[in-house]
Structures are given as structure tokens and as C-alpha cells.
Amino acid sequence: MKVTDKKIQELKSRTRKIIRSLKRAYPDARCSLNHSSAFELLIATILSAQCTDARVNIVTQDLFRKYRKPEDYLKVSPKELQRDIRTTGFFRNKTTSIQGAAKVLHEQYGDEVPQTMDELLELPGVARKTANVVLGNAFGLSAGVVVDTHVTRLSHRLDLSRQKTAEKIEQDLIAIVPKKEWVMFPHLFIAHGRATCKARNPLCAECAVEKLCPSSYLKTGVMPGS
Ligand code: SF4
């Protein structure tokens, strides 16, 4: 066996243990963007760029009452939609993405959200992260692993990936996370990132995966992220 194969086996085994421990620590981990359809989840995920899920949920409470299907987003001026989503930030770009995506869904997919990565990536404003969120959480399809800021930080600290870009980190994770966990894995990392493995001053002494983490300050004496 080559060293790299050995390393992959070690990573797979450690990753399975990390998932087990985090499932015990966060039994309620799930998608925190409120939605009642694949289309609503697509809109919420576009809005979530550079914005907290809590803020997006406040905005979508009214938004999803006003706009129920793709066509509804095409009936208003960009200015009006910008006003409706203003507090999520980057509202001009997000308006362009939402109205662009709504147009394609209305004209090409009969107002339905497509269920393949390739088709989703064709929608304006939709990159792999958004497509993975929708496929995994609205359709239960494991097409990839969502990589956001929490998944990036924890993957580095737990030494599951040393890559810098989300696309490359996702490829590393796909190689070591069991496919049946691809949808849940980011929810666990996001829950752990918010509660314990924070960007600054992570709570290593209280961490459910401390024994599996090479970056723990209990081992290194150095606070991660400092
Ligand atoms: S031990 Fe510390 S750095 Fe490692 S995962 Fe836990 S909180 Fe994060």
C-alpha cells in the first residue's frame, strides 16, 4: 500500500469518528434556511451569500408571501425586489441573480427547479454551493458536499483538507466522507463551527471532537485562529 492510500484510509477512519461524535453532539443539525419548496430554498440560498441564515429567514418570511413562483419575481421592477431583499446585503447582485434564475425556470423548466447539478449550474447566480444545498436538502440527492466558511475552517483545523478553494476542499471531502453523509456533513460542521469551533477563540476544552483534532490548543498550546 502506498503512503497516500494509507493517509486516505486514516482520513476516512478519522472522518467517520468525527461524524459519529458530531451527530451525538448536534442531533438536531439540519438546514437552517426556512423553506417549503425547492424553489424557496434556491432563493434563500442565493440570499444567504455574505449574510447570516437568521437574517435571511427574517427577510424570506415576507418575501415568500409576496412571491410564490418564479413568474412573480419577473412581474416587479428590479428596484422593488432590491428593496424587498435590501437587508441581506449585495442586494443589486442578488436581485439580478434571482430574476435571472426565475426567468430560466419560468421559460425552460415550467416553473420547476431542475434536479441535476449541470442544469442548476446553468442558472444565473448559482454556483456549486447553492446547487449542492438545493439538491441535498430539497431533493435528498447527494451530488457533492456544501463548503461554506465553517466547513472550510473546520476542514483545515481537523486537517481533512489543506486546499484553499471551496471546489478543491469539496473534492478532498468527497474522497473521505461516506456518500450517505454528504448532505448531513456540512450541517454538522456548521453547527459545530457556530457553537464551539468558532473562528476566534474556539472552545477546544469543550469540543466533542477534541481527541480527533490536531489543531486543539490543548495539544499545541496555540489558539487556532489567533
Ligand atoms: S479541538 Fe478546537 S480547533 Fe479542533 S475542532 Fe475542536 S474546537 Fe475546533
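Please read all numbers here as calculations on a predicted model, not as lab measurements.

Draft legend 1. The packing of aromatic side chains, seen in detail. Tallied over the entire structure, the rule returns three aromatic pairs. Residues Phe 39 and Tyr 73 carry aromatic rings whose centres are separated by 5.7 Å and whose planes lie at 75 degrees to one another, so their mutual orientation is edge-to-face. Taken together, the residues span a long stretch of sequence, with Phe 39 in helix H2 (residues 38-47) and Tyr 73 in helix H4 (residues 70-74) at a distance of 34 residues. When the centroid spacing of 4.4 Å and the interplanar angle of 10 degrees are considered together, the rings of Tyr 67 and Tyr 73 count as stacked. Taking relative accessible area as the criterion, Tyr 73 reaches 0% and is therefore assigned buried.

Draft legend 2. Layout of the site of the ligand. All residues adjacent to the ligand are Arg 157, His 192, Cys 197, Pro 202, Cys 204, Cys 207, Val 209, Glu 210, Cys 213, Ser 216 and Pro 224. A class-by-class count of the residues in the shell around the ligand yields seven nonpolar, two polar and two charged.

Draft legend 3. Spotlight on the environment of Thr 130. As for its position among the elements, Thr 130 is in helix H8 (residues 128-138). Between the C-alpha atoms of Thr 130 and Tyr 217, which are 87 residues apart in sequence, the distance is 33 Å.

Draft legend 4. The packing of helix H5 (residues 78-85) against helix H6 (residues 91-108), seen in detail. For the pair H5 and H6, the least separation of the axes is 9 Å and the interaxial angle reads 120 degrees. Remark: the crossing between H5 and H6 carries right-handed chirality. Between H5 and H6, the contacting residues are Pro 78, Leu 81, Gln 82 and Ile 85 on the first element and Phe 91, Arg 92, Lys 94, Thr 95, Ile 98 and Gln 99 on the second.

Draft legend 5. Local environment of H6. In this model H6 runs 25 Å from its N-terminal to its C-terminal C-alpha over 18 residues, within 8% of the 26 Å that 1.5 Å per residue would give. Those residues of H6 not exposed but buried are Phe 91, Lys 94, Thr 95, Ser 97, Ile 98, Gln 99, Gly 100, Ala 101, Ala 102, Val 104 and Leu 105. Residues of H6 that are buried in the fold lie against H2, H4 and H5.

Draft legend 6. View of the nonpolar core. By size, the foremost hydrophobic cluster in this structure holds 36 residues, and its most contacted members are Ile 43, Leu 63, Tyr 73, Leu 81, Ile 85, Ile 98 and Leu 123. At the level of secondary structure, the elements contributing two or more residues to this core comprise H2, helix H3 (53-66), H5, H6, helix H7 (117-121) and H8. Broken down by element, this core gets its largest block of residues, eight residues, from H2. Apart from residues no more than four positions distant in its own chain, Leu 63 is found in contact with Ile 43, Leu 47, Tyr 73, Leu 81, Asp 84 and Ile 85. Core analysis: the next-biggest nonpolar cluster, separate from the first, contains 27 residues, Tyr 26, Ala 29, Val 151 and Cys 197 among them.

Draft legend 7. Region of interest: the pattern of salt bridges. Following the criterion strictly, the structure yields 14 salt bridges and no others. The partner of Lys 75 in a salt bridge is Asp 72, with the nearest N and O atoms 3.9 Å apart. Here Lys 103 makes a salt bridge to Glu 107, at a shortest N to O gap of 3.3 Å. In this pair, Lys 103 and Glu 107 are both assigned in helix H6, four residues apart and thus about one turn of the helix distant. Judged by its relative accessible area of 42%, Lys 103 is partly exposed. Looking at Glu 107, the relative accessible area reads 55%, which means it is exposed.

Each value, and the rule that gives it
Residues numbered from 1 in each chain as written. Predicted model: local features only at pLDDT ≥ 70, side-chain atom pairs only at ≥ 80, totals over all residues. Heavy atoms only, no water. Phe/Tyr/Trp six-rings, centres within 6.5 Å; stacked < 30°, edge-to-face > 60°. Helix = DSSP H or I, 4+ residues; strand = E, 2+ residues; numbered from the N terminus. Buried < 20%, exposed > 50% of the residue type's maximum accessible area, 1.4 Å probe, protein only. Near = heavy atom within 4 Å. Nonpolar A, V, L, I, M, F, W, Y, C, P; charged D, E, K, R; others polar. Axes fitted to C-alpha atoms, helices over the stretch in contact; angles between N-to-C directions. Left-handed = near helix turned anticlockwise from the far one by under 90°. Contact = heavy atoms within 4.5 Å. Expected span 1.5 Å × (residues − 1). Core = buried A, V, L, I, M, F, W, Y, C linked by side-chain atoms within 4.5 Å. Salt bridge = Lys/Arg side-chain N within 4 Å of Asp/Glu carboxyl O.

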